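# Observations on the three-dimensional arrangement
Here are the chains, one letter per residue:
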Amino acid sequence: MTDPATLLAAGPDQRPDLLAPDAAGLLTTHPAVVADDGGWRCGAWSARSGAGDGPLRLGRHVAGAAAGADGLDGLRALCVAHWARYPDTAAPARVAAADEAAAAELRRWVLPS
């Protein structure tokens, strides 16, 4: 078990294949994180790199859509976006909210924006 900041900062050898709130997640289907227009999308959420080395921007790309069954789709998108930026090393993530829904998720995960 870990917190979102530690998860995002994980090095290549510590990055999980699945992200779930508990061990029951091993028995459920996980939504795919897919490349989408220069960023990464999971369910209703997208994570995009800022200019240069700017913060990753989390946003809800489908207005009014649910956060996903377990509420982790945005975090899944952030993880893949951050790990794609730093494929060979551990690095702390800098994140920003693209909208109020994303700001609420970042607060819930205790990730400063």
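For the structure, see preceding data.
Positions within a chain are numbered from 1, following the residues in the order the chain's sequence is written. Only residues with pLDDT of at least 70 get local features here, since the model is predicted, and only at 80 or more are side-chain atom pairs given and counted; chain-wide, interface and lining totals rely on the full set of residues. For side-chain calculations, the full set of non-hydrogen atoms in the structure is used, while hydrogens and water are omitted.

## Observations regarding the environment of Gly-74
Working definition: helices are DSSP H or I runs of at least four residues, strands are E runs of at least two. Numbering for both runs from the N terminus. Relative to the helices and strands, Gly-74 is located in helix α2 (residues 73-85). The sequence separation of Gly-74 and Ala-96 amounts to 22 residues, and the corresponding C-alpha distance is 12 Å. Residue contacts follow a heavy-atom distance rule, with two residues in contact if any of their heavy atoms lie within 4.5 Å. With near-sequence residues (within four places) excluded, Gly-74 lies in contact with Trp-45, Leu-58 and Trp-109.

## Focus: the sheet that holds strand β4 (residues 56-60)
We call two strands paired when DSSP finds no fewer than two bridges between them. Strand order across the open sheet formed by 5 strands is β1-β2-β3-β4-β5, with mixed pairing between neighbours. Single-partner strands in this sheet number two, and they are β1 (34-36) and β5 (95-97). Taken over all neighbouring pairs, the strand axes of this sheet differ in orientation by 30 degrees on average, direction set aside. In this description, a line fitted to the C-alpha atoms serves as the axis of each element, helices being fitted only across the stretch in contact, and the angle between N-to-C directions of two axes falls anywhere from 0 to 180 degrees.

## Quick notes on the pairing of β4
Pairing geometry for strand β3 (residues 45-48) and β4, over 4 bridges, is antiparallel. Bridging from a neighbouring strand, Ser-46 pairs with Gly-59 of β4. Pairing of β4 with β5 involves 3 bridges; the strand directions are parallel. Each bridged residue has a counterpart across the sheet, and for Leu-56 the counterpart in β5 is Val-95.

## A short note on α2
Helix span, as expected, comes to 1.5 Å for every residue beyond the first. Across its 13 residues, α2 extends 19 Å between first and last C-alpha, which sits within 8% of the 18 Å expected from 1.5 Å per residue. Throughout this description, buried means an accessible area under 20% of the type-specific maximum (1.4 Å probe, protein chains only), exposed means over 50%, and partly exposed covers the range between. Burial within α2 is extensive, with 10 of its 13 residues counted as buried. Taken together, the buried positions of α2 are Asp-73, Gly-74, Leu-75, Arg-76, Ala-77, Leu-78, Cys-79, Ala-81, His-82 and Trp-83. Tucked into the core, α2 has its buried residues touching α1 (4-8), β2 (39-42), β3, β4, β5 and α3 (100-108).

## So, unusual backbone geometry
Residues other than glycine seldom take positive phi values, yet Asp-37 does so here, at roughly 50 degrees. Residues other than glycine seldom take positive phi values, yet Val-110 does so here, at roughly 55 degrees. With respect to the element layout, Val-110 can be found in the segment after α3.

## Structural notes on the nonpolar core
We define the nonpolar core as a collection of buried residues of types Ala, Val, Leu, Ile, Met, Phe, Trp, Tyr and Cys that are connected through side-chain atoms lying within 4.5 Å of one another. Formed by 21 residues in total, the largest nonpolar core has its most connected members in Leu-58, Leu-75, Leu-78, Leu-106, Trp-109 and Leu-111. Listed by contribution, the elements that provide at least two residues to this core are α1, β3, β4, α2 and α3. Leaving out residues up to four positions away in the same chain, Leu-75 has contacts with Pro-4, Leu-7, Leu-8, Leu-19 and Trp-109.

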